[in-house]
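Here is what each chain is made of, one letter per residue.
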Amino acid sequence: MPTTAPQGAKAPRTAPRRSAKNTAPRGGIDLGGTKIEAIVVDSENTVLASARRPTPTAGGPSDVAAAMVEALQQACQAASVEPAALHGVGVGSPGVIDGDGAVSSARNLPGWDGKFELGSALSGQLGTKVLVGNDVQVATDAEFELGAGQPFESILGVFWGTGVGGGLILGGKPWIGRGGAGEIGHVVVVKHGARCPCGRRGCMEAYAGRAAMEARARRQVNKGKHTDLFRLMEERGRTRLTSAIWAHALEHGDKVATKIIDKAVDALGAGIGSAVNVLDVEAVIIGGGLGVRFGDPFAERIAAAMQPHLCHDDQPPVVRVAALGDLGGAIGAALLAR
Ligand SMILES: [Zn+2]
């Protein structure tokens, strides 16, 4: 079922050439709550070099911007190109982005309560133009143009990680609504249900987000249930339950982990299935740290969990894992700078 092509599927598109003259490399920076991933790509979107830095956990927006500059400089060095020689740099950032590259409501980032002129701060330090977009939407754009979404005209990107983000392509074009579309993590799957990191109740993310799942696992431990999750975390010198730790626990039959993940898959099925009922997209692309780590078997599980919620269950959308993996966000960001 997840691999059958829907009606209207078309041949893979070739990347549009916005400017035949522009052959200068471009930069892309994916700003995440945990890490900053910077890349340099050539005019065909091939990754020439990448660099990664942890996202600062203290300080404020200017400290985050400084770490982003360092990451991009490091990637540039590896690609033997000066930042100022880049055609431009694209940034995928959480939060609400205005037309001038200012970022507000980036609640996973330290001290980012107000609005910060991220685009101009980076541009000043890098010596090239900087364009800022929403992190999840640029990752969806990248999957649409270069990854698993290529055969389709309408896709829903679901990025299953610390939170659950969503991005939309409808009729071949990104749909951002009034700037706030795609918040699939906050569709309600249980009325008056579990408290979500967003402060509301019963959201899909309250069951499927890694942060919410970790809090759930801690409550199970406090109730005296046994799990290896936190022992694995300590052994690996981590401060949170990473995708790899969840995957390891599942592979070894950890009961607490299995139950929490089962619940997450159920929630994803209800939430994504409901969104599909509204949008009737051709394909759902599952990305994010957990989505990519768990891979095809979980794309199939999510497709099966969606099935009972679909009005048109004889015509389910294709469900695929994001093809660009960990670098998808940064590649999508670099697309902004064409
Ligand atoms: Zn929520």
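Scroll up to find the structure this text is about.
This text gives an overview of the structure that appears in the document. (Residues numbered from 1 in each chain as written. Predicted model: local features only at pLDDT ≥ 70, side-chain atom pairs only at ≥ 80, totals over all residues. Heavy atoms only, no water.)

**A closer look at the overall build of the protein**
Next, step 1: When helices and strands are counted, the protein shows 10 helices and 12 strands.
Next, step 2: Its C-alpha radius of gyration of 20 Å places the protein within 12% of the 20 Å reference for a compact globule of 338 residues.
Next, step 3: Considering only C-alpha atoms, the protein reaches an extent of 55 × 50 × 35 Å along its principal axes.
Next, step 4: For the protein, the proportion of its 338 residues judged to be buried stands at 50%.
Next, step 5: Long-range contacts, defined here as pairs at least 24 residues apart, represent 64% of the contacts in the protein between residues at least 6 apart.
Next, step 6: Accessible surface for the protein amounts to roughly 15,500 Å². Of this, 50% is attributable to carbon and sulfur atoms. (Helix = DSSP H or I, 4+ residues; strand = E, 2+ residues; numbered from the N terminus. Rg over C-alpha atoms; globule rule 2.2 N^0.38 Å. Buried < 20%, exposed > 50% of the residue type's maximum accessible area, 1.4 Å probe, protein only. Contact = heavy atoms within 4.5 Å. Areas by Shrake-Rupley, 256 points an atom, 1.4 Å probe, with all protein chains shown as cover.)

**As for the packing of helix α5 (residues 210-222) against helix α8 (residues 255-279)**
When two helices pack together, you describe them by how their axes are tilted relative to each other and by the distance separating the axes.
Next, step 1: Where α5 meets α8, the closest approach of the two axes is 10 Å, and the angle between their N-to-C directions is 140°. What the angle tells us is that α5 and α8 run oblique. Read as a crossing pair, α5 and α8 show a hand that is right-handed. Contacts between α5 and α8 involve Met 213, Arg 216, Ala 217 and Gln 220 from the former and Val 256, Ile 260, Ile 261, Lys 263 and Ala 264 from the latter.
Next, step 2: Considered class by class, the residues forming the contact of α5 with α8 number 6 nonpolar, 1 polar and 2 charged. (Axes fitted to C-alpha atoms, helices over the stretch in contact; angles between N-to-C directions. Parallel < 35°, antiparallel > 145°, perpendicular 65-115°, else oblique. Left-handed = near helix turned anticlockwise from the far one by under 90°. Nonpolar A, V, L, I, M, F, W, Y, C, P; charged D, E, K, R; others polar.)

**Section: the sheet that holds strand β8 (residues 155-160)**
Note: strands within a sheet are paired through backbone hydrogen bonds, in either parallel or antiparallel orientation.
Next, step 1: The strand order β10-β9-β8-β11-β12 describes an open sheet built from 5 strands, whose pairing is mixed. Looking at which strands have only one partner, the edges of the open sheet turn out to be β10 (173-174) and β12 (318-321).
Next, step 2: Note: strand β9 (residues 164-170) against β10, 2 bridges, orientation antiparallel. Each residue of the ladder has a partner; that of Leu 170, found in β10, is Lys 173. (Pairing = 2+ DSSP bridges.)

**Structural notes on the packing of aromatic side chains**
Next, step 1: All chains considered together, the criterion is met by 4 aromatic pairs.
Next, step 2: An aromatic cluster is present here, built from Trp 160, Phe 294 and Phe 298 joined pairwise through their rings. (Phe/Tyr/Trp six-rings, centres within 6.5 Å; stacked < 30°, edge-to-face > 60°.)

**Section: the sheet that holds strand β1 (residues 26-31)**
Next, step 1: Read across the open sheet, the 5 strands follow the order β3-β2-β1-β4-β7; overall the sheet is mixed. Single-partner strands in this sheet number two, and they are β3 (47-54) and β7 (130-134). Each strand axis lies, on average, 15° off the axis of its neighbour in the sheet, ignoring direction.
Next, step 2: Judged from the 7 bridges that link them, strand β2 (residues 35-41) and β3 form a sheet pairing that is antiparallel. Bridging across to β3, Val 40 finds its partner in Ala 49.
Next, step 3: The sheet strands contacting helix α1 (residues 61-78) are β1, β2, β3 and β4 (89-93), and the helix crosses β2 at an angle near 35°.
Next, step 4: Contacting β1, β4 and β7, helix α3 (residues 135-146) crosses the sheet at an angle of about 95° to β7.

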